[in-house]
Amino acid sequence: MKRLGPRIEEKAARIGLLAMTLITVSVLLFIILFILRRGLPVLNLEFLTANPTDMGKSGGIFSTVVGTVALTLLAIVIAAPLGVGTAIYLTEYTWGGPVTRIIRFGAECLAGIPSIIFGLFGFILFVTKLKFGWSILSGGLTLAFMLLPTIIRTSEEAIKSVPPAYRNVSFSLGSTKWQTVTRVVLPSALPGIITGVVLSIGRSIGETAATIFTAGSALRMPTSLFSSTRTMSVHFYILAREGISMPNAYGTAAILIIAILAINLLTYYLMNRFIKKYS
Amino acid sequence: MTNDTAIEVRGFSQYFGEVRKLKALDLDVKRNEILGIIGPARSGKSTFLCALNRLNDLVRGSHHEGTIRIDGCDIYDPGVDVVALRRQLGMVFATPVPLPRSIFENVAFGARREGIRGRTRLDGIVRDSLEKGGLWEEVKDRLETSGLKLSGGQQQRLCLARILAVAPEYILLDEPTSGLDPISTMKIEESLRRLKKEYTIVLVTNNTKQAARVADRTAFFLNGELVEIGMTAKIFTAPDDTRTDDYLRGRFG
Amino acid sequence: MDGTAKKRVGNKLERNDRLVRLALLVIAFSAVSVLVVITVFIVGQGTPIMFRYGLKSFLAGTSWYPSEKLFGLWPMIVGSLFVTAGALVIGVPFGLSCAIVLTEFASKRVRGIIKPIIELLAGIPSVVYGFMGVIILVPFIRKTFGGPGLSVLAASIILGIMILPTIISISVDSLQAVPPSYREGSIALGATRWQTVKMVLFPAARSGIIASIILGMGRAVGETMATIMIAGNAAEVPHSLLAPVRTLTSNVALEMSYATGEHREALFATGVVLFVIIMVLNTIANATSAKRRKQP
């Protein structure tokens, strides 16, 4: 191969890399704009507040919004305390050793498991073995397990970034470990922890494979934890795949995209506040 | 042990893993005195302070030999309540560490933790402590601003007030003025002179002149050993050990 | 010491602290327990049938006709492999380019724009990616190259995009973790930016970059909804890039809703194969990033 001069190589590399980056960014912008352009015209208050009729061919998406919110809430309510508790244990109550390694390994493995496996597992354990049926409860529990590693990791990072000096101050003032954790460490780490929780909310809103087999796909308005429900993502999937109604599919997708955008903005806001506080 | 001995250290060594950071210390701290501890960097001065309030326990792999008695009670006895011990020995660190909350909440930290809620009681404790710490006049109109907004010297006095609010009997200071300008330093030293009427104070300093100014007695640490301890005037004018003399004359450290 | 009262309060606090520690330890084992329970259930449901029909016929059999009790997973294993390989071919160059631009070439302002956009990429639901594939990519492939459009190629491209955030974020982390002195040293010796990247940063960040690729691979292997929508799902070994293909994940998701008896067991067995692949990838990624952490 003929060697290029370093100057030319530098230029070529720079242009090549920038072009690739540009393509990546444009693909993403394209996806978002494409969905929004076709979905926004469908959106109005009625679309959001009316229940779907005729398999989703007409009407709105209200019951799927309710289902998504219920499922997400349940998942967060279960996963957040477990995740934050684990993070507290790993950062404040242990100095490493085999137990910590096992816990970390477990969390990291869990993070890599594909959502369809969670779906399979939730189906066999919650839906059939425990006889919860396709329900918000089955779906919420499955999602909670899925979100757990994310919440552990983000909380751990948030807690670790609290300056050690704060802990020394608290201890030297005669606080117990738990008082130090609840009165000094957690308040300082809160924005970071919330960021992780918000990211998990985003993930659970977008999840399909794990929820379709555990929460089912009933379009009725859910009435209890044991009602089957259809999330927005599942609704969008069914509308699009079975060609039931393209306008409604675009409308649902637009809502999903807007929700994700809002969540990302919120995390950015929180992270910035968090970073400002400690620098 | 005489009645005016507050802290009695006997054959005390502190280890971090294999490293022996303090070597068989023997010394006493007398009640209501300011004991200055001087010595070059990394000579074990701060480690000694953290041995007194058992903050060293938080370091991985730390263990010790020998005894430390405070008010006659062996503080490393398994039955001792570390939390109560730490409340008795308030500590000020080298860099001021206000918690990221208001001045008021910083000082009220200990009281709130004890479940004290009434606003008047909290107000009283905060005012009292800030007055003793010599900061009240400067901040009385802006108690709700963040503790981080204060100047370095004010922050350090805030930290002092914060420990006073927990009503300790001892105050441990770890190079409290190392990052401060001369005026702030002077203010802190004034507070200390006032406080020794009520408290027993151990002052670690890397500034020998500060020890000369405020300490009643001074101890000289070198490489984790106590070289000598005695009345400040004697240490600074006629030390027994040539190493003390060398250090004070600036031959090393 | 005004002894006893204080001491008693303190002892109560200490006892509480021990209880808290115990409770937290129990909580901390939640993630591990979930992992164990999932493993037990998936493996418990999926392995008996594998041994009943013989591991070899299960893994290497080329026919998948559940109604006739033919459970050959080979087409799906090859399918997952092809699609994942394709995704890496697309995702790795773009991902690494973005990572390098973000850490080395972009100004702070440009970084401030690109980074959130890429993080947004991670948040978009996979069904939306699949949908974009169906609406835009599949017709395009059908028109330009012929064939059904639903194909290895389509799935590779969409999955390639989907794994970008994983590759980018972990590579960026490991590139940023290279001590600034390496960079400065290289520049001071007269190397250009690109030479510095090529000869200093890449080797130094190698294990992190490899970990990012392996984790991206894990994502591609595990992705379900998008692949179902665009890969065509034919349970046959694909003979070209334009042929339809079924992955392991699709196999489970497509038939789970109506499968019963041995058919359902066979789907769990598919899950077991998937699970093993993912665990192997995770362990490799873990090992490489652990090595990275140990480096001074």
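Residues numbered from 1 in each chain as written. Chains lettered and ligands numbered in written order. Predicted model: local features only at pLDDT ≥ 70, side-chain atom pairs only at ≥ 80, totals over all residues. Heavy atoms only, no water.

Asker: Break down the sheet that holds strand β2 (residues 19-30) of chain B for me, with residues and values.
Answerer: Residues and elements named next belong to chain B. One open sheet accounts for four strands, arranged β2-β1-β4-β5; its pairing is antiparallel. Each edge of the open sheet is held by one strand with a lone partner, namely β2 and β5 (73-74). Of the strands in this sheet, β1 (5-16), β2 and β4 (62-70) are in contact with helix α1 (residues 45-52), which crosses β1 at around 115°. (Pairing = 2+ DSSP bridges. Helix = DSSP H or I, 4+ residues; strand = E, 2+ residues; numbered from the N terminus. Contact = heavy atoms within 4.5 Å. Axes fitted to C-alpha atoms, helices over the stretch in contact; angles between N-to-C directions.)

Asker: Account for the interface of chain A and chain C, naming residues and giving values.
Answerer: With 73 residues of chain A at the contact, the number on the chain C side is 74 residues. When the buried area of chain A at its contact with chain C is split by residue, A:L17, A:L28 and A:L120 rank highest and sum to 9% of it. Seen at the junction of chain A and chain C, the total is one salt bridge. Of the charged contacts, one joins A:E9 and C:K198 as a salt bridge, the two residues approaching to 2.7 Å between their closest N and O atoms. (Buried area = accessible area lost by both parts, 1.4 Å probe. Salt bridge = Lys/Arg side-chain N within 4 Å of Asp/Glu carboxyl O.)

Asker: An account of the pairing of β4(B) is requested, with residue identities and associated values reported.
Answerer: All names here are of chain B. Relative to β4, β1 is paired through eight bridges, and the arrangement is antiparallel. Among the inter-strand pairings, E8 is bridged to a residue of β4, identified as R69. Where β4 folds back on β5, the antiparallel hairpin that results is connected by two residues, among which D71 adopts a positive phi of roughly 50°.

Asker: Before we move on, can you summarise the pattern of salt bridges with the specific residues and values?
Answerer: Residue and element names in this part refer to chain C. The full count for this structure, using the stated rule, is 33 salt bridges over all chains. Note that E265 and R52 form a salt bridge whose closest N and O atoms lie 2.9 Å from each other. You can see E265 sitting in helix α14 (residues 261-294) and its partner R52 sitting in helix α2 (residues 30-53), a full 213 residues away along the chain. Notably, a salt bridge pairs R193 with E104, separated by 3.1 Å at the nearest N-O pair. Of this pair, R193 sits in helix α10 (residues 193-204) while E104 sits in helix α4 (residues 74-105), and the two are 89 residues apart along the sequence. Accessibility expressed as a relative area gives 32% for R193, which makes it partly exposed. A residue is classified by how much of its surface remains accessible, and E104, at 8% relative accessible area, is buried. (Buried < 20%, exposed > 50% of the residue type's maximum accessible area, 1.4 Å probe, protein only.)

Asker: Provide a residue-level description of the domain arrangement of chain A, including the pertinent values.
Answerer: Residues and elements named next belong to chain A. Taken domain by domain, chain A comprises domain 1 (6-42) and domain 2 (45-277). With eight residues of domain 1 at the interface, the matching set in domain 2 holds nine residues. Across the domain 1 to domain 2 interface the summed buried area is about 750 Å²; carbon plus sulfur atoms make up 87%. Our enumeration of links across domain 1 and domain 2 arrives at zero salt bridges. (Domains from an automatic or database assignment.)

Asker: So what about the nonpolar core? Which residues, and what values?
Answerer: Counting 232 residues, the largest nonpolar core has B:I7, B:F48, B:L52, B:I68, B:I171 and C:I38 as the members making the most contacts within it. Mapped onto the domain boundaries, this core takes at least three residues apiece from domain 1 (6-42) and domain 2 (45-277) of chain A. Beyond its immediate stretch of four places on either side in the chain, C:I38 contacts A:L110, A:I117, A:F118, A:F121 and C:F275. Residues B:V107, B:A111, B:I116 and B:L122 belong to the second largest nonpolar core, which totals 17 residues. (Core = buried A, V, L, I, M, F, W, Y, C linked by side-chain atoms within 4.5 Å.)

Asker: Describe in detail the pairing of strand β10 (residues 225-231) of chain B, supporting the description with residues and values.
Answerer: Two faces belong to every sheet, and in a regular strand the side chains alternate between them. Pairing of strand β9 (residues 217-222) of chain B with β10(B), which is carried by six bridges, proceeds in the antiparallel orientation. Bridge pairing in β10(B) links B:A219 to B:I229.

Asker: Mind laying out unusual backbone geometry, listing which residues take part and the relevant values?
Answerer: A negative phi holds for most residues other than glycine; trans holds for most peptide bonds. One non-glycine residue with positive phi stands out, namely B:E175, at about 45°. Residue classification places B:E175 among the buried residues on the basis of a relative accessible area of 16%. A positive phi angle, close to 65°, is found at C:N233, a residue other than glycine. Tracing the backbone shows C:N233 in the loop between α12 (225-230) and α13 (248-255).

Asker: Pulling in residues and values, what's your account of the sheet that holds strand β6 (residues 89-92) of chain B?
Answerer: Strand pairing within a sheet occurs via backbone hydrogen bonds; the two strands may be parallel or antiparallel. All names here are of chain B. One open sheet holds the six strands; their spatial order is β6-β7-β8-β3-β9-β10, and the pairing between them is mixed. Edge positions in the sheet fall to β6 and β10, since each has one partner strand and no second. Strand-to-strand twist of the sheet, defined as the mean angle between neighbouring strand axes without regard to direction, takes the value 15°. Across the face of the sheet, helix α8 (residues 182-195) comes into contact with β3 (34-38), β7 (170-174) and β8 (200-204) while running at roughly 150° to β8.

Asker: Residues and numbers for the packing of helix α5 (residues 115-129) of chain A against helix α6 (residues 136-160) of chain A, please.
Answerer: All names here are of chain A. As a packed pair, α5 and α6 sit with axes 9 Å apart at the nearest point and diverge in direction by 140°. The angle between α5 and α6 falls in the class oblique. Viewed along their axes, α5 and α6 form a crossing whose handedness is right-handed. Each of S115, F118, G119, F121, G122, F126 and V127 in α5 lies in contact with α6, whose residues at this interface are S138, L141, T142, F145 and M146. (Parallel < 35°, antiparallel > 145°, perpendicular 65-115°, else oblique. Left-handed = near helix turned anticlockwise from the far one by under 90°.)

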